[in-house]
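# Tertiary structure, described
Read off the chains here:
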Amino acid sequence: SSAATAVQIMPYYTLRFDRFLASAQLNLAFDNRAKYNFIPYLNIKLSYDADPEGMATAFVALEGEHNPNNLRELSRMNPFLAPDFDKTLSTSYRIGLRFGLEGKMGGIFAYRLSQAFKKIDNAVFFMNYPNEWRGNEAFFSIAYDDISVLETLLEADYQILCNLHAKGNLWYRGYRMD
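Residues numbered from 1 in each chain as written. Predicted model: local features only at pLDDT ≥ 70, side-chain atom pairs only at ≥ 80, totals over all residues. Heavy atoms only, no water.

## Let's talk about the pattern of salt bridges
For clarity, the cut-off: By definition here, a salt bridge exists when the distance from a side-chain nitrogen of Lys or Arg to a carboxyl oxygen of Asp or Glu is within 4 Å. Helix and strand assignments follow DSSP, with helices taken as H or I runs no shorter than four residues and strands as E runs no shorter than two, numbered in order from the N terminus.
Applying the stated criterion to the full structure yields six salt bridges. A salt bridge links Glu 102 to Arg 112, with the shortest nitrogen-to-oxygen separation between them at 3.3 Å. Residue Glu 102 is found in strand 6 (residues 91-105), and its partner Arg 112 is found in strand 7 (residues 109-134); the two are separated by ten residues along the sequence. A salt bridge links Lys 118 to Glu 151, with the nearest nitrogen and oxygen atoms 3.9 Å apart. Here Lys 118, found in strand 7, pairs with Glu 151, found in strand 8 (residues 137-161); they are 33 residues apart in sequence, far enough to count as distant. Among the charged side chains, a salt-bridge network with shared partners connects Arg 98, Lys 118, Glu 151 and Arg 173.

In structure tokens:
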């Protein structure tokens, strides 16, 4: 049996001027299996005219998040967990720095290009569980490790008709075990 209790408190503040937006949040999270977590979120956007027909917005964001893992969510990701599953640890996105450019072109095409670096504590991995099979299905055990992620992301939204949009993402993520 596995159980976890988590409490999160997330006070935030937003400041907006003509072409400037800043929002700050502090995620105070704690559970019955880990230490207290103080995770910041800061998002700054500054708009400027890229061309006469559209707007472009440069942005910088400092992000963080605390996700309590539980057996139900882990089973959704991988339904073949080993029978001796006994603990869940919370995954903490300690720090994420994201920056980029977003905007619209011609009123029908929107884009967002960003680069991010993230430090993640207790990322969930599934490993082959030795010598355990059920029919032709293998079991997996859960492992946790700290990782760093470098991500490049391009998001696009094209308006086909008034209420019909086509969206797409193209991304690259590089992972490194810490």
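Once you've had a look at it, read on.
## Some points on the side chain of Ser 148
Condition: Contact between two residues is taken to exist if any of their heavy atoms lie within 4.5 Å; hydrogens are not considered.
Tracing the backbone through its elements, the reader meets Ser 148 in strand 8. Here Ser 148 is in contact with Phe 117, Lys 118, Lys 119, Gly 174, Tyr 175, Arg 176 and Asp 178, once residues within four sequence places are set aside.

## Quick look at a nonpolar patch on the surface
For clarity, the cut-off: Like charges within 9 Å and nonpolar side chains (Val, Leu, Ile, Met, Phe, Trp, Tyr) within 5 Å are joined into patches, using only residues over 30% in relative accessible area that form no salt bridge. Surface accessibility follows the Shrake-Rupley procedure with a 1.4 Å probe radius. Residue values consider only the protein chains on display as shielding.
On the surface, Leu 42, Ile 44, Val 60, Leu 97, Phe 99, Phe 117 and Leu 150 cluster together to form a nonpolar patch covering roughly 570 Å² of accessible area. If you list the elements that add at least two residues to the nonpolar patch, you get strand 4 (37-51) and strand 6. Inspection of the secondary structure puts Leu 42 in strand 4.

## Quick notes on the side chain of Ser 114
Rule in force here: Between buried and exposed lies partly exposed: a residue is buried under 20% and exposed over 50% of the maximum accessible area for its type, with that area taken using a 1.4 Å probe on protein chains only. Under the rule applied, a polar contact is a pair of N or O atoms within 3.5 Å (in protein, one hydrogen donor and one hydrogen acceptor; residues adjacent in sequence only if both atoms are side-chain atoms).
Relative to the helices and strands, Ser 114 is located in strand 7. Overall, Ser 114 belongs to the buried group, its relative accessible area being 3%. A polar atom in the side chain of Ser 114 sits 2.8 Å from the side chain of Arg 98. Ignoring any residue separated from it by four or fewer positions in sequence, one finds Ser 114 in contact with Phe 59, Arg 98, Phe 99, Gly 100, Glu 151, Thr 152 and Leu 153.

## What about the packing of aromatic side chains?
Put simply, the rule reads: Between rings of Phe, Tyr and Trp, where Trp is taken as its six-membered ring, a pair exists when centres lie within 6.5 Å; planes separated by under 30 degrees are stacked, by over 60 edge-to-face, and by other angles tilted. Distance and angle both matter: a charge sits over a ring if NZ of Lys or CZ of Arg is within 6 Å of the ring centre and within 35 degrees of the ring normal.
Tallied over the entire structure, the rule returns one aromatic pair. Here the guanidinium or amino end of Arg 112 rests over the ring plane of Phe 59, the centre of that ring lying 4.0 Å away. Above the plane of the ring of Trp 171 lies Arg 173, whose end atom (NZ or CZ) is 4.0 Å from the centre.

## A few points about the confidence of the model for the protein
Threshold: pLDDT is a per-residue confidence score from the predictor, ranging from 0 to 100.
In this model, the protein carries an average pLDDT of 78, and 80% of its residues clear a pLDDT of 70 or more. The lowest-confidence element of the protein is strand 4, averaging 68 in pLDDT; the highest-confidence one is strand 9 (residues 164-177), averaging 93.

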